[in-house]
Amino acid sequence: MIPFQDLSGQFADLRTEIEGAIQNVLERNRFILGPEVEEFEKEFAAFLGHGQTIGVASGTDAILLTLKALGVGEGDEVITTPFTAAPTTMAIVLAGARPVFADIEEGGYGMDAAEAAQAISLRTRALVPVHIYGQALSIRKLCETACALGIPLVEDACQAHGVRFGKRMVGTFGAAGCFSFYPTKNLGACGDAGLVATADPYLAERLRMLRDYGRNGRDTFAQIGRNSRLDELQAAILRVKLRRLEKWNADRKKIAAIYLEELEGLPLKLPASRSPRGHVFHLFVIATPRRNELAAWLKRKDIETHVHYPVPVHLQPAMAFLGYKKGSLPRAEAAANSVLSLPMYPGMPEGHARKVAAEIRAFFKGPGLES
Ligand SMILES: Cc1ncc(COP(=O)(O)O)c(C=O)c1O
């Protein structure tokens, strides 16, 4: 069996450090907004080389609280991509705004800047593109679109820890960058966790209040806030793992290089990591009109694959109220029908990547499912 992901090696390598970090928190007896969160926030800001960071409970909350801190709410529109994990859009709706979808770029999976520009109206209050699969977006163009109209850009970098556009890390281009530390992310906690990065001290202050019941002093509450704090145990674990992130990203790139070499020449769309848009391969995604057949073939060979994402967000039942119909965002819909994510994780044996590629080659050369 070749699994899609396997986190057990990560834990085995870091067992002593993680157990030590947990022990420290337990002995310190301080579980909420203590030194681990404070240090992790500093360390992640240093890693990004940028401003300050605010630890929160999840990636969804990172986006939701950022929009709220920017003053987005009822009656506002937020432009986003239909080709992403649903929580990006959920955060927009939970903030009280209406998502407006801009289709993805030709030949890629990120938001198209021209489509975003076309979706702008007088009600637009923010632009939320996603560095999907771990690849940096055409962020310069999106920044220009947002800047020209004076609209804040909120980067959903939930799948893009440590990827650069040119020399600069993503999550540092917009008014804010939002990260998720869901366990399977390139930097994953042992539970839910998230973070916002921003160079704007005013926004940072608002976010610190919003994650902590709106509190701005021990017993004073300046605004309506919620409980969305990153907790000490997760922060302590994330501090250990952050020190390995660059190495893990390099491991992912090695596996990606094997796939790219071994799959070249097949009738497949392969991920294109062209400069200046870096890729940290949170997911290694290929595309073919024969996606379902190929997935079934690989399953029969004991190779686990997944589809990110089989239904674009604008066609999800929860979004029916927005009134989008099939065919309204054709590039996202075509992508949803053709993408397939192959096994990918740091520490994945290279032999597994070669075996997966060999089975894909066999599928295209041979009689497919009939064999
Ligand atoms: C692109 C994207 N945005 C937002 C989220 C939400 O993050 P979380 O699961 O930490 O709330 C995720 C993670 O699933 C994601 O992949």
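As the structure is a computational prediction, the values presented were derived from the model and not from experiment.

Chemist: Honestly, the nonpolar core in this entry has me stumped. Any pointers?
Modeler: One recurring pattern in soluble globular proteins is that nonpolar side chains are buried together. Counting residues in each nonpolar core, the largest one holds 104 residues, and the members touching the most others are L67 and V196. Both of domain 1 (8-102 + 109-242) and domain 2 (245-370) provide at least three residues apiece to this core. When neighbours within four sequence positions are excluded, L67 is seen to be in contact with V72, V78, A91, I92, A95, A97, A126 and V154.

Chemist: What is the right way to read the site of the ligand from this model?
Modeler: Near the ligand there are 15 residues, and of these S58, G59, T60, C158 and S180 occur at the shortest range. Of all elements in the fold, only α3 (59-69) and α4 (86-94) reach the threshold of two or more residues within the shell around the ligand. Along the lines of polarity and charge, the residues of the shell around the ligand split into five nonpolar, eight polar and two charged.

Chemist: Hey, could you run me through the domain arrangement of the chain in this one?
Modeler: Reports of interface size often rely on the accessible area that becomes lost once the parts have come together. According to the domain assignment, the chain contains domain 1 (8-102 + 109-242) and domain 2 (245-370). Using only C-alpha atoms to locate each centre, domain 1 and domain 2 end up separated by 25 Å. Across the side of domain 1 that touches domain 2, the residue classes tally to 14 nonpolar, 12 polar and three charged.

Chemist: When you look at α4 in this model, what are you seeing that I'm missing?
Modeler: One turn of the α-helix equals 3.6 residues, which is why residues spaced by three or four share an orientation. Along α4, the residues classified as buried are P87, T88, T89, A91 and I92. Check the buried side of α4 and you find it contacts α3, β2 (77-80), β3 (98-101), β4 (124-128) and β5 (154-156). Once α4 ends, the next one or two residues include G96, with phi positive near 100 degrees.

Chemist: So what exactly am I meant to see when it comes to the sheet that holds β5 here?
Modeler: Think of a sheet as strands paired side by side through backbone hydrogen bonds, with each pair either parallel or antiparallel. Strand order across the open sheet formed by four strands is β1-β9-β8-β5, with mixed pairing between neighbours. Strands with a single pairing partner mark the edges of an open sheet, and in this sheet they are β1 (52-56) and β5. The sheet shows a mean angle of 20 degrees between the axes of neighbouring strands, taken without regard to direction. In terms of strand pairing, β5 meets strand β8 (residues 176-180) through three bridges, oriented parallel. Residue pairing for β8: E155 is matched across the bridge by G177. α3 rests against β1, β5, β8 and β9 (194-198) of the sheet, and its axis sits at about 155 degrees to β8.

Criteria and cut-off values
Residues numbered from 1 in each chain as written. Predicted model: local features only at pLDDT ≥ 70, side-chain atom pairs only at ≥ 80, totals over all residues. Core = buried A, V, L, I, M, F, W, Y, C linked by C-beta atoms within 7 Å. Buried ≥ 20, exposed ≤ 12 C-beta atoms within 10 Å, placed from the backbone. Domains from an automatic or database assignment. Contact = placed C-beta atoms within 7 Å. Near = placed C-beta within 6 Å. Helix = DSSP H or I, 4+ residues; strand = E, 2+ residues; numbered from the N terminus. Nonpolar A, V, L, I, M, F, W, Y, C, P; charged D, E, K, R; others polar. Pairing = 2+ DSSP bridges. Axes fitted to C-alpha atoms, helices over the stretch in contact; angles between N-to-C directions.

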